[in-house]
Amino acid sequence: MFKGAADAVKRATAGLTTAPATKKSAISGTDADSSSPTIAYSGGASSYVPQQRPVVAATQQPAAPTQQQATSTPGAAVHSTPADAVGLSSTTSPQPAVGTATAPVLQATAQVLRDSTPACTATQTTPGGAAYSTPSASPAVQSLGLPSVGSALTTGVLPESDSNNDDEWEEDEEEVEPQLKSNNASCIAIYAKFLALGTHTGKIFILDFQGNQLISFESHDYTVNEISIDGTGHYLASCSDDGRVVINALMAKEVITCEYHRPIKAVSIDPNYIRKNTRQYCVGGSSGHLMVNVKGILKAKDVVIHQGQGAIHTIKWKGQFIAWASDTGIRVWDVSSRQQIGAIPREPGSPRPDLYRCCLCWEDERTLIIGWADGVKICEVKERPPTDQAGFFLQITAKFKTDFFISGVAPYGTQLVLLAYIEENTDPEGRPVVVPERYHPELRLMSKSGREFVSDAIEVEGYKDYHATAYRLEYSLKGPMFFLMAPKGIVVARPRDLDDHIDWLLEKHKFAEALMECEHETKKYARIVEIYLNDLISKQEYTKAVRVCVETFGSDPELWEKWIITFTEHGQLARLVDYIPTRNPTLKTVTYTNVILYFLRCDPDRCLQLISAWESLFDVKEIFIAMKTITPTEKHKLGIAQVEHLNGTVSELKTQKELVANLQQALKEEAAKSKTYQADVAELQQHNERLQREKRETEAALCEERICVA
């Protein structure tokens, strides 16, 4: 589907700028008179006269005299009550904490933003560092690339963390050039088959998940603050500090530009944008007005659905509900009933709302995940009981505090993936510092009750220069995949499969666990056994190596024969010899013969025991010849009596073997004669039967002649 979209986009060209006429809004609310946008349509049939309006410097409208302060309790409905503006103060950042490390669930990779190239070549790098529970610094997605923005989307796979909870992360990532410089990434949006990346220069790039550029737009003059994609992936809305909201069609020659003359910080397009004639989107910014733009016959109209609660920071539209964050808290609007259904105030003593961006994520059409500063809340939209007034209300079902600041939230099954921003505002002696110490961002896998399963540090270039608002976390249900955006890099994390898990166990030298995870039929099993045994032998842990042989070789003769040779070379065959199988499987004759020859030179008694036990499995002639080559010195060293006894046994056995061989030969000859005799008897029987048959035929003919004569 998207291939066609890309082709259509490449053919798109600039069109006519028009000033549409007015139409009454389909959404009830207060009209934004002074902030009504100038809308430019491109690529569509139109007879309007082109009109251009200059961009005016943004002005802050005064807040309403009364604010709504919401009170909330986990498990209870959220309701609003009039209150004065909430006073907020900064807080010191928490100390970084390392989560309990377990086997990884996600693996990550990253992409590269190429400089001055029409399409970015995807490059894959090796793991970049982080703990686990989900990712890996680069195994599963492969690579994302960025187009002509002169940057590198740093790639990395998040490796699984050790069970001993160390916060050490591996660094074997390749350098990718050129680096993102003047065109750093500012925001990201994900669709099922592509991603959209906004930059600080106003450009927007559409990339596939392999990092190839599909199309780009020069929609803005300043930083792109937010990108929103409709439910079909056909339309993309973006907003910027230049005061414009631009909607680009990806499968048609259509561009809609709306001028608001003030910085726009958030935009969210109707998920059903393409299916509705109203073509709605929600927008807000520093003015404090939250507006829904509705297309009319002649003019698009903005309807103010909220104002007077400070700047609008984030908007997320899912189904019939719009959630947004302002200076005082989070609210949810029901588009169908055109009313606010709940409000969640900011926690008292929280940092300034502009310091740490509010992260909103709809897990489904009724569940909203909120991450702001160091707090997480999970809310559900529920229907009111039949006895109450019809409609919906917002209820907090869970909330918890973190020991880090949150730069992104995403659902992962019944758990959460949080993007953690960690900084230290005090020195070792507890005194405040002017410049905080910043650490690599981390992906944290947590339960919805706040229990941390994994902490994965992610290597990000220039992380010491970035604040929490510089990072973004988005996710795609396809996979699923998690996209961590930094100004100079994107890391993609996805769930690990069994092969990834086994590879991680091997990297950590957890060979026993790797064998338990790996089935005998898989191709990796023999390789894991070999790696494990080589590691044990290099550590001279021969007893443990023997146990691994017995437990893993089973009825595989090739493994037994190979490792018998290895133990022989290391002089440790005595540890293994008691476990060498004689049937199921039966090994090659040369293997048993070589084992006996090994003990012939070092342990005659053991050699004699093996000869007695393996009478029919080895080559007696080879042993007899070897006995003749033993020198007097060796006899004295091994024990003359033992050697002579062994020699007598071998000679006797050789004689017995020769007698058996002669007897077998005689039996073969007798059997051959018997076969010849049996063949002669069979031939005589056939001849006799033929004569009897001829006799009967002659008697019958004579009988017929007598009858005729009579």
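Values in this document were obtained by computation on a predicted structure and should not be read as measured data.

### Some thoughts on the pattern of salt bridges
Side chains bearing opposite charge may pair, as long as their charged atoms lie close to each other. Enumeration according to the criterion identifies 22 salt bridges in this entry. Among the ionic pairs, arginine 352 bridges to aspartate 354, the shortest N-O distance being 3.1 Å. Take arginine 352: its relative accessible area is 38%, and that puts it in the partly exposed class. The class of aspartate 354 is partly exposed, set by a relative accessible area of 46%. Between arginine 444 and glutamate 442 there is a salt bridge, with the nearest N and O atoms lying 2.7 Å from each other. The structure contains a network of salt bridges with shared partners spanning Asp221, Asp242, Arg244 and Glu259.

### Some thoughts on the sheet that holds strand β21 (residues 329–334)
In spatial order, the strands read β19-β20-β21-β22; together these four strands make up an open sheet with antiparallel pairing. The strands lining the two open edges of the sheet, one partner per strand, are β19 (312–318) and β22 (339–345). Across the sheet, the mean angle from the axis of one strand to that of its neighbour is 15°, orientation sign disregarded.

### Comments concerning the pairing of β21
Among the six residues of β21, six are classified as buried, and the element is accordingly described as predominantly covered. Because side chains alternate across β21, one face comprises the buried residues Gly329, Arg331 and Trp333, and the other comprises Ile330, Val332 and Asp334, equally buried. Bridging between strand β20 (residues 321–326) and β21 involves six bridges; their strand directions are antiparallel. Across the sheet, residue tryptophan 324 finds its bridge partner in β21, namely arginine 331. The loop that links β20 with its antiparallel partner β21 comprises two residues. Pairing of β21 with β22 involves six bridges; the strand directions are antiparallel. Bridging across to β22, valine 332 finds its partner in glycine 342. Connecting β21 to the antiparallel partner β22 that follows it, the hairpin turn spans four residues, and arginine 338 within it adopts a positive phi of roughly 60°.

### Considerations on the packing of helix α4 (residues 524–538) against helix α6 (residues 557–569)
Two quantities define a packed helix pair, namely the angle between the axes and the distance from one axis to the other. Two numbers describe how α4 lies on α6: the axes approach to 12 Å, and their chain directions differ by 10°. With respect to α6, the axis of α4 lies roughly parallel. Crossing of α4 over α6 shows right-handed handedness. Within the contact between the two elements, α4 uses Glu530, Leu533, Asn534 and Ile537 and α6 uses Lys562, Trp563, Thr566 and Phe567. For the contact of α4 with α6, the class distribution of residues is four nonpolar, two polar and two charged.

### What about the environment of glutamate 380?
Positionally, glutamate 380 belongs in strand β25 (residues 375–383). A sequence separation of 15 residues divides glutamate 380 from glutamine 395, and the C-alpha atoms of the two residues are 5.3 Å apart. Dropping the residues within four chain positions of it, glutamate 380 is found in contact with Arg366, Thr367, Phe393, Leu394, Gln395 and Thr397.

The rules we used
Residues numbered from 1 in each chain as written. Predicted model: local features only at pLDDT ≥ 70, side-chain atom pairs only at ≥ 80, totals over all residues. Heavy atoms only, no water. Salt bridge = Lys/Arg side-chain N within 4 Å of Asp/Glu carboxyl O. Buried < 20%, exposed > 50% of the residue type's maximum accessible area, 1.4 Å probe, protein only. Pairing = 2+ DSSP bridges. Helix = DSSP H or I, 4+ residues; strand = E, 2+ residues; numbered from the N terminus. Axes fitted to C-alpha atoms, helices over the stretch in contact; angles between N-to-C directions. Parallel < 35°, antiparallel > 145°, perpendicular 65-115°, else oblique. Left-handed = near helix turned anticlockwise from the far one by under 90°. Contact = heavy atoms within 4.5 Å. Nonpolar A, V, L, I, M, F, W, Y, C, P; charged D, E, K, R; others polar.

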